[in-house]
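Residue-level listing of the chains:
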Amino acid sequence: MHHQRTRGHTAFIAHRISGLLILGYLYLHLILLSAILLPNGTTHFNAVAAVVERPVFIVGDVVLFGIILIHGLNGIRLVVADFGGLIRTSRLGIWLTMVTVAVLLGIGLLVLLPDIVR
Amino acid sequence: MATEKVSSESIQAKHDLASSVSWSWILQRFTGILLLVFLGGHLWVEHFMNTSVHVVTSRLRNGIFVVLDAGLLITVVYHGLNGLHGILQETWAVARSWWFRYLVWALGLVTMCWGMDILWAFLYRRPFLVIG
Amino acid sequence: MQVTVHIDRASGMHDYSLDTKTQQTVLDALFFIQNELDETLAFRCSCRVGMCGSCGMVINGREGLACRTNLDRLGRDIYLRPLRHMRRIKDLVVDMDEFFTKYRAVDPYLKARPEVHSPIVAPPISRMREDIDVGLECISCGLCLSACDVVGVVSEFLGPAALNRAYNLIADVRDEDLDTRLGLVGQERSGVWQCHTHMSCVEVCPKNIAPTRAIAHLKRKLIARRFGLHRERLTPQQQTIIQEGR
């Protein structure tokens, strides 16, 4: 048995991976928006909108929302720790973060469900 | 696993109070908190408001939405690239060279200009620079 | 209970089967192995009651003191490894130099202000006392340094124990070396900004110290100083304490 990761280290790995994924998505987002702009001032906006409103893309949106929630809420936990909170109670902190991610992701899923199952 | 040896002299070699605050650390927290507002707003607006091109364009003419999107762009680019720079600095000696931060800044500024150009295109129906 | 102890020794993994009684510790098992099964096994210990900090090792993947870790909850397979981030001397014995070099680097002793003459009485309920009390218990066992994943990546990082010690002295009103100390802990590669707040050190500390808390305090103190938000002078109460000792 090798060294066992602490919860805080696992949270850190999740934080890094989600952060890198969001940065990657930022560039994807900019590329997609650039692609629909045409030099003569018109856009492919509506054509592209029809594509990205397909259920598979909406599922992708839910996944992205989850990744953003993990990064954002864990980030809040870390800022709280910088002010001295949730350090001795780090288990509670990580547990609270996971529950909040789950609840908000559930709400997001409910809101987007009509767009997925049409 | 044995790590590289450090001596107390090398740790104590240079330290002055003026440079003992990490701006990138502070700004990473600051932009992180701002992003909760900007990104939360962005996701809300893009989902719960009508997203046809005319509505997006006319909505952007309202100052608050431009501030929201421009603010999001600036903070997300700083936060993302500063985070990436931090990861690289930890694991890659080249990223610790003095010039590397300018490279990251250059990439950041280019990305911000690119994003602003897209925003401009939505505002005035044509890109300010000709990209895309 | 019949258990197998797997020990990561200098010559590779060695397995020892033994019969344990309840309430025995990992250290008891190590003594049994050394006395009855293999006299060449090397490990370090001294007080056997969690005071000296000599018997730190990685037990089933987590840092702990052998003398304070009960065998009952470890299962039938027990894996023992030497502490991480330090050079192995033999078997479970590591060179603690890495730990003490970093500890020494923060000048871990009081540099008294000239006006401090008599021993100072800090009342147990005072704020001054509360700030420092929890951090004073360190037995320098090195578990936190071994658990710290940042040390594995950034070798210059001072690590939890040294920064916790530095914080205690920075929070101590009798100490005159505040600026130098803050400058030292605020350095880019070795100082507090490298901490990733994994809180692994807090989890493994056998004395329930929270070095992450000390590091968070130091970060706030450095920022407050940079922006001129700190209190420049001591409060009249603190001044009295320093001059009169109470």
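Small disclaimer: the values here were computed from a predicted structure and weren't measured.

## Describing the domain arrangement of chain C
Residue and element names in this part refer to chain C. Here chain C is partitioned into domain 1 (2–94) and domain 2 (97–243). Listed per partner, the contact involves 15 residues of domain 1 and 18 residues of domain 2. Where domain 1 abuts domain 2, roughly 1,100 Å² becomes buried across the two surfaces, and 60% of that area is made up of carbon and sulfur atoms. When the buried surface of domain 1 facing domain 2 is broken down by residue, E63, H85 and M86 rank first, second and third, together holding 45% of it. Counting across the interface, domain 1 meets domain 2 through 2 salt bridges. In this structure, the salt-bridge partner of D149 is R84, at a minimum N-O distance of 3.3 Å. Across the domain 1-domain 2 interface, the total number found is 8 residue pairs in polar contact (both at pLDDT 80 or more).

## Description of the environment of A29 of chain C
With respect to the element layout, A29 of chain C can be found in helix α1 (residues 26–37). Setting aside chain neighbours within four positions, we find A29 of chain C in contact with L18 and L71 of chain C.

## Brief notes about the pairing of strand β1 (residues 2–9) of chain C
Residue and element names in this part refer to chain C. With 6 of its 8 residues buried, β1 lies for the most part within the structure. Where β1 and strand β2 (residues 12–19) come together, 8 bridges link them in antiparallel fashion. Its bridge partner lying in β2, H6 is registered against D15. The antiparallel pairing of β1 with β2 creates a hairpin that spans 2 residues between the two strands.

## What to know about the interface of chain A and chain C
It is common to report an interface's size as the accessible area lost on association of the parts. Of the residues lining the interface, 21 residues belong to chain A; the matching set on chain C comes to 27 residues. For the chain A and chain C pair, buried surface summed over both sides reaches about 2,100 Å², with 54% attributable to carbon and sulfur atoms. The interface formed by chain A and chain C holds 1 salt bridge in total. For D82 of chain A, the salt bridge identified is with K219 of chain C, shortest N-O distance 3.3 Å.

## Brief notes about the sheet that holds β1 of chain C
Across a sheet, strands are paired by hydrogen bonds formed along the backbone, either parallel or antiparallel in direction. Residues and elements named next belong to chain C. With mixed pairing, the 5 strands of this open sheet are ordered in space as β2-β1-β5-β3-β4. The open sheet has two free edges, formed respectively by β2 and β4 (62–65), since each of these has just one partner strand. Each adjacent strand pair in this sheet contributes to an overall mean axis angle of 30°, direction not counted. In the sheet, β1 pairs with strand β5 (residues 77–81) via 4 bridges, with the strands oriented parallel. Across the sheet, the residue bridging to I7 is L80, located in β5. Most of the contacts of α1 go to β2, to which it runs at about 95°, and overall it touches β1, β2, β3 (56–59) and β5.

## Observations regarding a nonpolar patch on the surface
Among the surface-exposed residues, L92, W95, L96, V99, V103, L104, I107 and V111 of chain A together with W44 and F48 of chain B lie close enough to one another that they form a single nonpolar patch of about 930 Å² accessible area. Of all elements in the fold, only α4 (90–116) of chain A together with α2 (23–48) of chain B reach the threshold of two or more residues within the nonpolar patch. Sorting elements by how many residues they give to the nonpolar patch places α4 of chain A first, with 8 residues. With respect to the element layout, L96 of chain A can be found in helix α4.

Each value, and the rule that gives it
Residues numbered from 1 in each chain as written. Chains lettered and ligands numbered in written order. Predicted model: local features only at pLDDT ≥ 70, side-chain atom pairs only at ≥ 80, totals over all residues. Heavy atoms only, no water. Domains from an automatic or database assignment. Contact = heavy atoms within 4.5 Å. Buried area = accessible area lost by both parts, 1.4 Å probe. Salt bridge = Lys/Arg side-chain N within 4 Å of Asp/Glu carboxyl O. Polar contact = N/O pair within 3.5 Å; in protein donor to acceptor, adjacent residues only side chain to side chain. Helix = DSSP H or I, 4+ residues; strand = E, 2+ residues; numbered from the N terminus. Buried < 20%, exposed > 50% of the residue type's maximum accessible area, 1.4 Å probe, protein only. Pairing = 2+ DSSP bridges. Axes fitted to C-alpha atoms, helices over the stretch in contact; angles between N-to-C directions. Patch = residues over 30% accessible without salt bridge, like charges linked within 9 Å, V, L, I, M, F, W, Y side chains within 5 Å. Areas by Shrake-Rupley, 256 points an atom, 1.4 Å probe, with all protein chains shown as cover.

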